[in-house]
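Structural overview
Here are the chains, one letter per residue:
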Amino acid sequence: MLRPHPAVLRRLVDEYAALSAAVRAGEPAGLSARARDLAYTLCVSTGTRDVERALEVAHQWLATAPASAREPARPAVTGRRTPTPEPA
C-alpha cells in the first residue's frame, strides 16, 4: 500500500483536528462538510474505514517518519504574480 508523504499526512491530521474542534464549538455548518471531506481523505490515505482508526494509523505512521518529514509542507512564496489575461 502506498503511504502519503508525512508532511501531507500531518497537514490532514492537523486540519481535521482543528475543524472537528470548531464544529464541536458550533462554528458554521460549512466547516462540518470540510471535516467530513478530511475524514474521508484520511480514511483513504490510511486504508481504513473509520476516521478514529485513520487517526490512530496516521499518528503511528507519523511517529515512525523521519523528523524532517513530519512538519507540514509550507507553500513556496516567490513574490511573483501570474498575470491575469486581459479580456478581449
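Residues numbered from 1 in each chain as written. Predicted model: local features only at pLDDT ≥ 70, side-chain atom pairs only at ≥ 80, totals over all residues. Heavy atoms only, no water.

As a further point, take the overall build of the chain. Summing up its helical and strand segments, the chain has four helices and zero strands in all. Of all 88 residues assigned to the chain, the portion counted as buried reaches 31%. Contacts in the chain between residues far apart in sequence, at least 24 positions, make up 59% of those at least 6 positions apart. Of the roughly 6600 Å² that the chain leaves accessible, carbon and sulfur atoms contribute 56%. (Helix = DSSP H or I, 4+ residues; strand = E, 2+ residues; numbered from the N terminus. Buried < 20%, exposed > 50% of the residue type's maximum accessible area, 1.4 Å probe, protein only. Contact = heavy atoms within 4.5 Å. Areas by Shrake-Rupley, 256 points an atom, 1.4 Å probe, with all protein chains shown as cover.)

Given a rise of 1.5 Å per residue, 19 residues ought to cover 27 Å, and the 27 Å separating the end C-alpha atoms of helix 1 (residues 6–24) matches this to within 8%. Restricting attention to buried positions, one finds in helix 1 the residues Pro6, Ala7, Leu9, Leu12, Val13, Tyr16, Leu19, Ser20 and Ala22. Downstream of helix 1 by one or two residues, glycine 26 has phi in the positive range, about 85°. (Expected span 1.5 Å × (residues − 1).)

By the element assignment, cysteine 43 lies in helix 2 (residues 29–46). Distance in space between the C-alpha atoms of cysteine 43 and alanine 54 is 5.2 Å, their sequence separation being 11 residues.

A full pass over the atoms with the stated rule returns three salt bridges. Arginine 10 is the partner of aspartate 14 in a salt bridge, and the nearest nitrogen-oxygen pair spans 2.9 Å. Placement of the pair is aspartate 14 and arginine 10 together in helix 1, with a separation of four residues, close to one helical turn. Taking relative accessible area as the criterion, aspartate 14 reaches 35% and is therefore assigned partly exposed. For arginine 53, the salt bridge is made with glutamate 56, and the minimal N-O distance between the two is 3.1 Å. Highlighted residues: arginine 53 and glutamate 56, both in helix 3 (residues 51–64), separated by three residues, approximately one helical turn. For arginine 53, a relative accessible area of 39% puts it in the partly exposed group. Residue glutamate 56 is classed as partly exposed on the basis of its relative accessible area, which comes to 42%. (Salt bridge = Lys/Arg side-chain N within 4 Å of Asp/Glu carboxyl O.)

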